[in-house]
Amino acid sequence: MHVVSPSASTGRSTGRRAVLRPLGVAAVALIGVGYVANVDPNTPGHYPTCPFLAVTGWYCPGCGTLRAVHALGHGDLMTALARNPFAVVALGYVVVTWVLWLQRSARGRSLRWLAPPWVLYGVLAAILMFWVLRNVPGWTWLSPA
Amino acid sequence: MSDYGSTPPPPPPPLTPYSSAEVQGAPPPNYLVWAILSTLLCCLPLGIASIVFSTQVNSKWALGDVAGAQDASVKAKNFAMWGAILGVVINVVVVVIFVAGGVLSTRTGSGY
């Protein structure tokens with residue numbers, strides 16, 4: 001009559017070693033953010049242009065992400081939102097997910113819950129709409145320019 | 001507390017209530033974070049495909065289709081990974097071409 005979670009029974013993902021992966025991912029992410037914060041993507045020539053933009057002339061959902069991360073690295077949330085609002089929201093989601101991952105790793109638990117499907121359909125629809133609308137003239141608040 | 005020794009054995013510790021997920025086992029990861037990062041940073045339709053498969057992980061799991069959810073999970077991971085790899089490769093190729101052409105410094109800066 002006792003509940004043993006699958007990961008706890010293997011004994012592999014419990015303890016301090018289990019948190020090394022999320023901590024390692026965070027370290028790599030912070031190095032990346034630090035680089036983008038210091039090497040300004042607003043300066044031409046620092047980074048290659050988005051291949052989708054270069055080929056089609058249209059913005060992709062990711063265009064403006066480097067400049068948004070650069071602005072966030074300098075604590076400038078409004079500029080970050082102006083360059084790519086989706087990136088700012090997505091990075092918030094990434095941080096929350098990372099905290100939950102760290103918690104699960106520290107407690108030796110496996111994933112137990114998935115969001116209801118309509119949430120993900122909504123996310124997909126929002127991203128596709130964002131992709132189209134940021135290329136529509138007049139929707140400059142969505143475009144990275 | 002004074003009659004502790006005379007009481008019957010204490011009741012067993014409360015069981016964590018079963019959720020539907022625990023009955024079926026752990027759900028497969030949907031890799032949505034990697035799918036979104038691939039879409040954001042690599043600008044390729046592969047990232048969107050990865051998000052579609054992430055969505056299928058959740059919808060198939062909700063319907064009880066465990067095998068289908070696991071299949072979608074693998075596809076979501078692979079599409080995010082190949083999107084990232086292809087994005088890196090394309091960017092490296094672009095940089096090499098521009099450096100070789102000597103036009104890197106004259107690019108107008110409307111990149112990522």
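Right above here is the structure, for reference.
Residues numbered from 1 in each chain as written. Chains lettered and ligands numbered in written order. Predicted model: local features only at pLDDT ≥ 70, side-chain atom pairs only at ≥ 80, totals over all residues. Heavy atoms only, no water.

## Considering the interface of chain A and chain B
Contact with chain A, which involves 38 residues of that partner, is made by 39 residues of chain B. Across the chain A to chain B interface the summed buried area is about 3,600 Å²; carbon plus sulfur atoms make up 75%. Considering only the side of chain A, the residues that lose the most area to chain B are Pro48, Leu114 and Leu120 of chain A, jointly responsible for 17% of the buried surface there. At the boundary of chain A and chain B, one finds one residue pair in polar contact (both at pLDDT 80 or more). If one sorts the elements of the side of chain A that touches chain B by residue count, helix 7 (residues 117-133) of chain A sits on top with seven residues. When grouped by side-chain class, the residues that make up the side of chain A that touches chain B number 28 nonpolar, eight polar and two charged. (Contact = heavy atoms within 4.5 Å. Buried area = accessible area lost by both parts, 1.4 Å probe. Polar contact = N/O pair within 3.5 Å; in protein donor to acceptor, adjacent residues only side chain to side chain. Helix = DSSP H or I, 4+ residues; strand = E, 2+ residues; numbered from the N terminus. Nonpolar A, V, L, I, M, F, W, Y, C, P; charged D, E, K, R; others polar.)

## What about the packing of aromatic side chains?
Residue and element names in this part refer to chain A. Overall, the coordinates contain five aromatic pairs over all chains when judged by the stated rule. On the numbers, 5.4 Å between centres and 70 degrees between planes, the contact of Phe52 with Trp131 is edge-to-face. Pair noted here: Phe52 is in helix 3 (residues 51-56) and Trp131 is in helix 7, with a separation of 79 residues, a long-range link. Each of the two residues, Phe52 as well as Trp131, counts as buried. (Phe/Tyr/Trp six-rings, centres within 6.5 Å; stacked < 30°, edge-to-face > 60°. Buried < 20%, exposed > 50% of the residue type's maximum accessible area, 1.4 Å probe, protein only.)

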